[in-house]
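Understanding the architecture of this molecule
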Amino acid sequence: MSEVRVRFAPSPTGLLHVGGARTALFNWLFARHFGGKMILRIEDTDTARNTPEAVAIIFKGLRWLGLEWDEGAQEGGGNLGDYGPYYQSQRSAVYQQYVTQLLAADRAYREADGAIRFRMPKTPGVVNDLICGKITFDRTTEPDPTIVRKDGTPVFHFVNVVDDLEMRITHVIRGEDHLSNTHKHIALFEALGAPPPRYAHIPLILNPGGSKMSKRDEGASIGEYIAQGYLPAAVRNYLCLLGWSPKDNREVINISEVIEKFDLPQINRGNARFDINKLYWINGEHWKSLTVTEYHQYARDYLTHRGVNTAAVDETYLTGVLDIVREKIKLGRDLPDWVEPFFNEEFAYDEKSLTVTLKEPAAKSRIEKLSAAFMTVSEWTAAKLEETLKSLAAADGVKVGAYVHPCRAGVAGRAVGPSLYHMLEVMGKERALARLRRTLTVIF
RNA sequence: GACCCUAUCGUCUAGAGGCCUAGGACACAUCCCUUUCACGGAUGCGACACGGGUUCGAAUCCCGUUAGGGUCGCCA
């Protein structure tokens, strides 16, 4: 087999759709598996929607997912490769040349209003799809498709074929929504005297309601995942699982292994529904396997992105907080809220602390006893603090919770949080005691 | 409406004639762990759309029905 050349050909609509991202992913996996090339072509013929920002969103999403392309459109309108330009808006001359060829061969004809139509062969159209198998279309009643509008601009089906031909595409991997039109594309290739590429139509991603996922559906945009602090490797992992499976009961799988195992015939034929819950879970799995350094870097970047000034926080304190908060969450999105009480000495008290925990008759005296005991603790470590707190509880003959809960509320204003002893250790003696004092004056 | 694709737990899937009284994961429920919330562990709930064939034997093959999705543009 000659070199595999696949392409991802999105049109800039203002977002990178999950369905598109999955199509890009499968193309990329196929190219990587066979050591071929992935080409990025921007189908920006719709001038109304085509803005530099909309194109930038595609680049950003693909780069974020780690789907690097070997050839094609580049940021800022550039082109990389020998078969460009890779922006359709720059290819009018190429299309014109092929229209002329079709007209000269009488494979196309001009309408009275100037539009140009392709003479559809009336013979059965056969598509030998790598995923769906051999499909035959009856074309006896098929109308001749328009390839050039009366205003002179070429239409999608035509430019798509010309570009795939010119760019030497060997395999077209795209959504199943294109399956019914594929025989037209093949007919166009034949009329142009070129062998068509192999086609592979992958199932669609459906929304939870069961219809084709649209831009408006929740979770439809890759940009949302970036904003909410999902890990790119997790989103990519989840997308792999929509229509493909390693077949050994694993869900969390390394991308290099996917590349190694990936091939077209094992792709499922049925559409898959998008399940944000499972993505959330997979993200948690990837979150856990981040190295400490990766996690710190990620958390710092995300918090900065969300407007938390991490540079203003003491380095040791910051990493200490990040470490104890990590196991509580699965997502960057949750970081700001969990971290907030640590960085704000004027922290607020949550509902439960206010109405239950600190309303306990003994709450005040327990916080006072805790403060006194903490004052003289020999070593400010989680273990020692635990020991201290537990001995106070034992002396009173109450459960540890009786001391833990008011202490947590007193020191962070929250009813839930990471291990109290570790929170105290990370806060340090001075800060913790100051916070308890503040609670004593503010609440009591 | 015509044409095309598809059909296993609520969801993603394993399953290519006997290994299936159908396996895993998410979600859900219960219990355990536990200072809270999570995590983790255990258990449970839960599916071969229906009807005909073929076969000694069918989730797996064939036909039909039904259901879902897609395409039928001078949108991409």
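Here's what I pulled together on the structure shown here.

**Observations regarding helix 3 (residues 92-104)**
- Along its 13 residues, helix 3 runs 18 Å from first to last C-alpha, staying within 8% of the 18 Å computed at 1.5 Å per residue.
- Every buried residue of helix 3 is accounted for by Val94, Tyr95, Tyr98, Val99 and Leu102. Projected down its long axis, helix 3 carries its buried residues within an arc of 135 degrees, all on one side. Across from the buried face of helix 3, at angles greater than 90 degrees, the exposed residues are Ala93, Gln97 and Ala104.
- Where helix 3 is buried, its residues meet strand 5 (108-110), strand 6 (116-118), strand 9 (146-148), helix 4 (156-166) and helix 5 (182-191).
- Looking one or two places after helix 3, you find Asp106, whose phi comes out positive at around 60 degrees.

**Let's talk about the packing of helix 3 against helix 4**
- Running from N to C, helix 3 and helix 4 point in directions that differ by 100 degrees, and their axes come no closer than 10 Å. What the angle tells us is that helix 3 and helix 4 run roughly perpendicular. Along its contact with helix 3, which presents Val94, Tyr95, Tyr98, Val99 and Leu102, the element helix 4 presents Phe158, Val159, Val162, Asp163, Leu165 and Glu166.
- Its residues assigned to classes, the contact of helix 3 with helix 4 shows 9 nonpolar, no polar and 2 charged.

**Description of the pattern of salt bridges**
- The final tally for this structure, using the stated rule, is 28 salt bridges.
- In this structure, Glu387 and Lys384 form a salt bridge, with 3.8 Å as the shortest nitrogen-oxygen distance. With Glu387 and Lys384 both in helix 15 (residues 382-396), this residue pair falls 3 residues apart, about one helical turn.
- Shared partners join several salt bridges into a network, and the residues in it are Arg7, Arg41, Glu43, Arg91, Asp163 and Asp164.

**What about the protein's contact with RNA strand B?**
- By nearness alone, 53 residues border RNA strand B, and Asp113, Arg149, Arg269, Lys328 and Gly417 come closest of all.
- A share of 69% of the atoms of RNA strand B within 4 Å of the protein falls on sugar and phosphate groups.
- Here a sugar or linking oxygen of RNA strand B sits 2.7 Å away from a polar atom, N or O, in the side chain of Ser11.
- Within the contact set of RNA strand B, a phosphate oxygen lies 2.8 Å away from a backbone nitrogen or oxygen of Gly243.
- Among the elements of the structure, strand 8 (133-137), helix 4, strand 13 (272-273), helix 9 (276-288), helix 16 (401-412) and helix 17 (420-427) are those that each provide at least two residues to the surface near RNA strand B.
- At 4 residues, helix 9 tops the list of elements feeding residues into the surface near RNA strand B.
- Considering only residue class, the surface near RNA strand B consists of 18 nonpolar, 18 polar and 17 charged.

**Some thoughts on the side chain of His183**
- Locating His183 in the fold gives a position in helix 5.
- Setting aside chain neighbours within four positions, we find His183 in contact with Met120, Gly125, Val127, Phe137, Arg139 and Glu142.

**Points about the pairing of strand 7 (residues 125-129)**
- A one-sided burial pattern is seen for strand 7, the buried positions being Gly125, Val127 and Asp129 and the unburied ones Val126 and Asn128.
- Direction of pairing for strand 7 relative to strand 8: antiparallel, over a ladder of 5 bridges. From the neighbouring strand, Val127 faces strand 8, where its bridge partner is Ile135.
- Adjacent in sequence and paired antiparallel, strand 7 and strand 8 are bridged by 3 residues.

Parameters and conventions
Residues numbered from 1 in each chain as written. Chains lettered and ligands numbered in written order. Predicted model: local features only at pLDDT ≥ 70, side-chain atom pairs only at ≥ 80, totals over all residues. Heavy atoms only, no water. Helix = DSSP H or I, 4+ residues; strand = E, 2+ residues; numbered from the N terminus. Expected span 1.5 Å × (residues − 1). Buried < 20%, exposed > 50% of the residue type's maximum accessible area, 1.4 Å probe, protein only. Arc of directions from axis to C-beta. Contact = heavy atoms within 4.5 Å. Axes fitted to C-alpha atoms, helices over the stretch in contact; angles between N-to-C directions. Parallel < 35°, antiparallel > 145°, perpendicular 65-115°, else oblique. Nonpolar A, V, L, I, M, F, W, Y, C, P; charged D, E, K, R; others polar. Salt bridge = Lys/Arg side-chain N within 4 Å of Asp/Glu carboxyl O. Near = heavy atom within 4 Å. Polar contact = N/O pair within 3.5 Å; in protein donor to acceptor, adjacent residues only side chain to side chain. Pairing = 2+ DSSP bridges.

All quantities given are derived from atomic positions and should not be read as evidence of function.
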